[in-house]
Amino acid sequence: MTKRILSGMQPTSQLHLGNYLGALKNWVKLQEEPGAHCLYMIADLHAVTVPYERESLANATREIAAAFIAAGIDPDKSHIFVQSAVPGHSQLMWMLATMAQLGKLERMTQFKDKAGKNTERVGLGLFAYPVLMAADILVYRATHVPVGEDQKQHLELSRELASTFNTRYGVEFFPQPEPVITGPAPRVMSLRDGTQKMSKSAESDMTRINLTDDADTIAKKIRKAKTDADPLPEKLEDLSGRPEALNLVTIYAALAEISREQALKSFVGQQFSAFKPALVDVAVEKLAPITSRMKELMDDTARIDKILAKGNERANDEAGPIVSEAMKIMGFYIG
C-alpha cells in the first residue's frame, strides 16, 4: 500500500535549526521509505492569514524551496510545490467549509493564540485556516501527515471533515489521514531562554540558528547562548530545572545523532566552556553544507523556479481529478 505523505512550511521568514531537526530531517527520511509518495508544500496561502511583507513573499517562497532541497529533499523523488499554484486547495477548502462547524473552529487553540483578544477584528482566513489545512491534505487524498504538537488539533479536524464528507454522500472517497510518528522529535528551544521554543518570529536573531547562518555566525550564537555555572551531570534527570543546559544538550545530541544520555556521558563533570566548542563543531559540520547549498540555489533563482514549476504541474495533475470527483459526488454540474 502506498503511503501518501503531505506536509508543508510557511514562507514567513528564515527557517532555523528547530525547523530542520523537528521537520526537514524527518521529511528526508520519509521520502526514502519504500512505497512512500511525498508531497512537500510551501504554504503561502496560510502565510497571508496574518500580516506579512508583500514585497518579500515570492522570494521567501524560493528560499523555503531552497531549504527543502539543501536539507536533502530530492525533487525527483518528492513533489516540491507552491500551495497557491494549485487551485484545487482553495476549491476543496470551500467545499469542506460547507461542512465545518463554527463551534469547532472557534475552539482551535492556534486561532485563539494568534487572534488574542481581537477575535472580532481578525480576518476570515485566520479563522478558516484549519479548513484550508484539511483541504491541503485531502486534495491529494493523503494518508499520512507529519505534524507537531501544535498541529494535532488541525489534523483531527481534517479527519472529521473526511468522515463527514464520506458519511453525508454515502461514499468512501477521502481516507482518514494518520499522523506520522517519526520518533521523539527534539524540542529545540531559544538560545536565550530555554523555556521558549526557538521561533522565526522572535525579535532577536541571537535566539536562533538560521539555516542561512555561516560558520562564524553559528559559532558566535552558540558561544553567547545562555547557560549556567554548574557542570554537566551524569544523568538526564539531573538537568531538571536547568532549561538552557538541557536545550544545548538536546541540540548536540540531535545533530550528532546520539541520545542525550550518550551526550552527557561524553561531557559529564565538564563546564559549558568545554561543551560549547564541541557543539559549535558538530553544528557547523551538519549545517554548513545546507547553508552552502542554499546559497548556491538562491544565486540561481531560475533553477528554483524551474523545479517549482515542475512540482506545481505534478501537484495539479494529482489534485485536479480528485477535486473534480469530489464535485461530482456533491452534485455539481461538470461540463
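Our structure's up above, just so we're on the same page.
These notes cover the structure that comes with them.

Thresholds applied
- Residues numbered from 1 in each chain as written.
- Predicted model: local features only at pLDDT ≥ 70, side-chain atom pairs only at ≥ 80, totals over all residues.
- Heavy atoms only, no water.
- Helix = DSSP H or I, 4+ residues; strand = E, 2+ residues; numbered from the N terminus.
- Rg over C-alpha atoms; globule rule 2.2 N^0.38 Å.
- Buried < 20%, exposed > 50% of the residue type's maximum accessible area, 1.4 Å probe, protein only.
- Pairing = 2+ DSSP bridges.
- Axes fitted to C-alpha atoms, helices over the stretch in contact; angles between N-to-C directions.
- Parallel < 35°, antiparallel > 145°, perpendicular 65-115°, else oblique.
- Left-handed = near helix turned anticlockwise from the far one by under 90°.
- Contact = heavy atoms within 4.5 Å.
- Nonpolar A, V, L, I, M, F, W, Y, C, P; charged D, E, K, R; others polar.

1. Structural notes on the overall build of the protein
At step 1: The helix and strand inventory of the protein stands at 14 helices and five strands.
At step 2: Its C-alpha radius of gyration of 21 Å places the protein within 12% of the 20 Å reference for a compact globule of 335 residues.
At step 3: Seen along its three principal axes, the alpha-carbon backbone of the protein occupies a region of about 70 × 45 × 40 Å.
At step 4: Residue burial in the protein is summarised as follows: out of 335 residues, 49% are buried.

2. Remarks on helix α8 (residues 129–138)
At step 1: Of all ten residues in α8, ten are buried, a share of seventy percent or more.
At step 2: Taken residue by residue, α8 has Tyr129, Pro130, Val131, Leu132, Met133, Ala134, Ala135, Asp136, Ile137 and Leu138 as its buried positions.

3. Notes on the pairing of strand β2 (residues 36–42)
On a regular strand, each side chain points to the face opposite its neighbour's, so the side chains alternate between the two faces of the sheet.
At step 1: Of all seven residues that make up β2, seven are buried, and the element is covered over most of its length.
At step 2: Along β2, one buried face is formed by Ala36, Cys38, Tyr40 and Ile42 and the opposite face, lined by His37, Leu39 and Met41, is buried too.
At step 3: Here strand β1 (residues 3–9) runs beside β2; their pairing, made up of seven bridges, is parallel. The residue of β2 that forms the bridge with glycine 8 is methionine 41.

4. Here's the deal with the packing of helix α11 (residues 243–256) against helix α13 (residues 272–298)
At step 1: The geometry of α11 relative to α13 is characterised by a closest axis approach of 9 Å and an angle of 40° between their N-to-C directions. It follows from the interaxial angle that α11 and α13 lie oblique. Note on packing geometry: the crossing formed by α11 with α13 is left-handed. Contact with α11, carried on its side by Ala245, Leu248, Val249, Ile251, Tyr252, Leu255 and Ala256, involves Phe272, Phe275, Lys276, Ala278, Leu279, Val282, Ala283 and Lys286 of α13 and no other residues of that element.
At step 2: Along the lines of polarity and charge, the residues of the contact of α11 with α13 split into 13 nonpolar, no polar and two charged.

5. Notes on the environment of glutamine 196
At step 1: Within the fold, glutamine 196 resides in the loop between β5 (178–180) and α10 (215–223).
At step 2: Under the relative-accessibility criterion, glutamine 196 is labelled partly exposed at 46%.
At step 3: Glutamine 196 sits 66 residues away from glutamine 262 along the chain, and the two C-alpha atoms are 25 Å apart.
At step 4: Once residues lying within four places of it in the same chain are set aside, the contact partners of glutamine 196 are Met189 and Ser190.

Take it as geometry only, folks, not as evidence of what the structure does.
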